[in-house]
Amino acid sequence: MSSTADPDSPSAGVFIGGELRSGSGALQHIMEPATGEQLVAMRLASVDDVDAAVAAARGALEGRWGRTGAVDRSRLLHALASAIDDDAAGLANLESRNVGKPISAVEGEVKAAAATLRYFASVAASVEGRANPIGGSLLSYTLREPVGVCGQIVPWNYPLTMAAAKLAPALAAGCAVVLKPDVATPLSALRLGELAHAVGFPAGVVNVVPGDGANIGAHLVAHPDVDKVSFTGSTATGVEVMRSAAGTIKRVSLELGGKSPGIVFGDADLEEAVPASVWSIYSAAGQSCEARSRIFVQRAVHDAFVERFVERAGRMRVGDPLDPETEIGSLISRQHRERVHGFVESAQAEGAHVHCGGTVPSGAGAFYEPTVIADPDHALSVEQDEVFGPVATIIPFDDEADVLRMANDVRYGLMATVWTGNPARGPRMASRLKAGTVGVNMPYTSFPGVPFGGYKQSGFGREFALATLDDYVETKSVILWTGSRSASPINA
Ligand code: NAD
């Protein structure tokens, strides 16, 4: 990979029709957020490149890929997972430098990407039709056919795992893909495209067109020859995507923002709940859709919880993402850090107390200390809007009804975690929380095979699971007359 900014020799910035080449769009300086230095300059996709990628995907569907059976699709997905394992160290280094996240976390993400591909490799052959009961001389069956060309758009916070989560079900179902990574973080997705081609996916099955959202993303969503759009990103952009996709009645799935609660009851084991709650907000420096950023603690243990939480947050190791001991890396950019800090300043101006963090460090990069805000008013922006940074709020509550009222009183509904020692309380709370996933005494959020997605304005559709395949197939009914021609209903 070239690290030059010379516009005459930029690195290849698109992967189309099995070829990694320079795009014909804007020259983009791909940055390393932790140092503020340029990693590489590359020419990304133009709208013409998007058109070429869609045409390549359509060509693949009409060619050999369209005739490739589920068992072979499964074999290729397994091979792609193994190729990721083989390239794990390189991918983790690339992703850590490009996103600013700690290498230890990114190593786990690379493994998760391979696991997602393996899960969908294992279920590819489960896409099957059925015989329909109509009887007499009629035979009917359903075919489950790939939905076609899929436009898949992912954000910058988990570029590789999100790309794998999009590609895997689409390829398992037999679709062809045009993947659009974020303009700031295209490197691992381009590598994924190359690996897919190297393990034997035919040219055109996986295309990668990095570029900005307003032009390249919007062009992909509106494209008349794209059959389905799967989008992960902010709720505001999700509104645009849904509106634009309506013009051609595209199939749409949306994985959007979150403002998830972590709920700690007085009977919880604080030895577990404190470090897990710290991890649930500060991993990925809070730049995570499922960040449990609103922590509610029952009054009896509130002060003890806050004391331990602040102590643990205050000694987190913030720094060089490539240091294996680092727990919090850099935010994605200084511009994003300003936005995060703005939420903290505005909460302070409204009278909220900042226990720790809350200041912008000097020096290179876009680092931000883990921040804890005590008991802000529930109506404040820091409580209602997605901060997407290492900022936790901690609010006391009285009982189940009290915390359910506050926890559900946001426009999002992605995730919730409940900490309790009462075995009956976990399932009871799970049934009343408006969230796509509820963890009970367990902070982790996504596993291959477990549906992941949102209620309310966190979107619709589910990823990582068998149900995801339904989003990538059409159901076709076939009806055959099997009796004698003279007795056929059209001669009656
Ligand atoms: P964003 O919506 O600004 O961008 C996401 C992607 O959409 C990028 O690739 C961007 O280029 C593209 N895009 C922007 N405008 C577009 C348009 N008009 N048409 C088509 N594409 C467009 O989001 P972001 O700030 O980059 O990412 C963070 C957001 O993603 C947060 O809200 C986070 O919660 C959400 N997210 C959700 C999940 C989930 O599974 N629910 C996972 C990760 C991130």
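These notes cover the structure that comes with them. (Residues numbered from 1 in each chain as written. Predicted model: local features only at pLDDT ≥ 70, side-chain atom pairs only at ≥ 80, totals over all residues. Heavy atoms only, no water.)

## Brief notes about the site of the ligand
Next, step 1: What surrounds the ligand is a group of 27 residues, the closest being Val154, Ser234, Thr237, Leu256 and Glu386.
Next, step 2: One nitrogen or oxygen atom from the side chain of Trp156 is found 3.0 Å from an oxygen atom belonging to the ligand.
Next, step 3: Measuring from an oxygen atom of the ligand, one finds a side-chain N or O atom of Glu386 at 2.5 Å.
Next, step 4: In isolation the ligand offers 850 Å² of accessible surface; the protein chains occlude 87% of this area.
Next, step 5: If you list the elements that add at least two residues to the shell around the ligand, you get helix H7 (213-222) and strand S10 (228-232).
Next, step 6: By residue class, the composition of the shell around the ligand is 14 nonpolar, 9 polar and 4 charged.
Next, step 7: Both domains that meet at the shell around the ligand, namely domain 1 (14-256 + 458-476) and domain 2 (261-440), each give it at least three residues. (Near = heavy atom within 4 Å. Polar contact = N/O pair within 3.5 Å; in protein donor to acceptor, adjacent residues only side chain to side chain. Areas by Shrake-Rupley, 256 points an atom, 1.4 Å probe, with all protein chains shown as cover. Helix = DSSP H or I, 4+ residues; strand = E, 2+ residues; numbered from the N terminus. Nonpolar A, V, L, I, M, F, W, Y, C, P; charged D, E, K, R; others polar. Domains from an automatic or database assignment.)

## Considering the sheet that holds strand S22 (residues 473-481)
Next, step 1: In space, the 3 strands of this open sheet follow the order S5-S6-S22, with antiparallel pairing throughout. A strand with exactly one partner marks an edge of an open sheet, and here the two such strands are strand S5 (131-132) and S22.
Next, step 2: For strand S6 (residues 138-146) and S22, the ladder comprises 9 bridges, and the chain directions are antiparallel. Counterpart to Glu145 in the pairing with S22 is Glu474. (Pairing = 2+ DSSP bridges.)

## Structural notes on the pattern of salt bridges
Next, step 1: Under the defined criterion, the tally for this structure stands at 23 salt bridges.
Next, step 2: With a closest N to O distance of 2.8 Å, Lys166 and Glu463 form a salt bridge. With Lys166 in helix H5 (residues 159-173) and Glu463 in the loop between strand S21 (459-460) and helix H15 (466-470), this residue pair connects regions lying 297 residues apart in the sequence. Glu463 shares its class with Lys166; the two are buried.
Next, step 3: For Arg243, the salt bridge identified is with Glu240, shortest N-O distance 3.4 Å. Of this pair, Arg243 and Glu240 both sit in helix H8 (residues 235-246), 3 residues apart, roughly one helical turn.
Next, step 4: Given the relative accessible area of 55%, Arg243 is considered exposed. (Salt bridge = Lys/Arg side-chain N within 4 Å of Asp/Glu carboxyl O. Buried < 20%, exposed > 50% of the residue type's maximum accessible area, 1.4 Å probe, protein only.)

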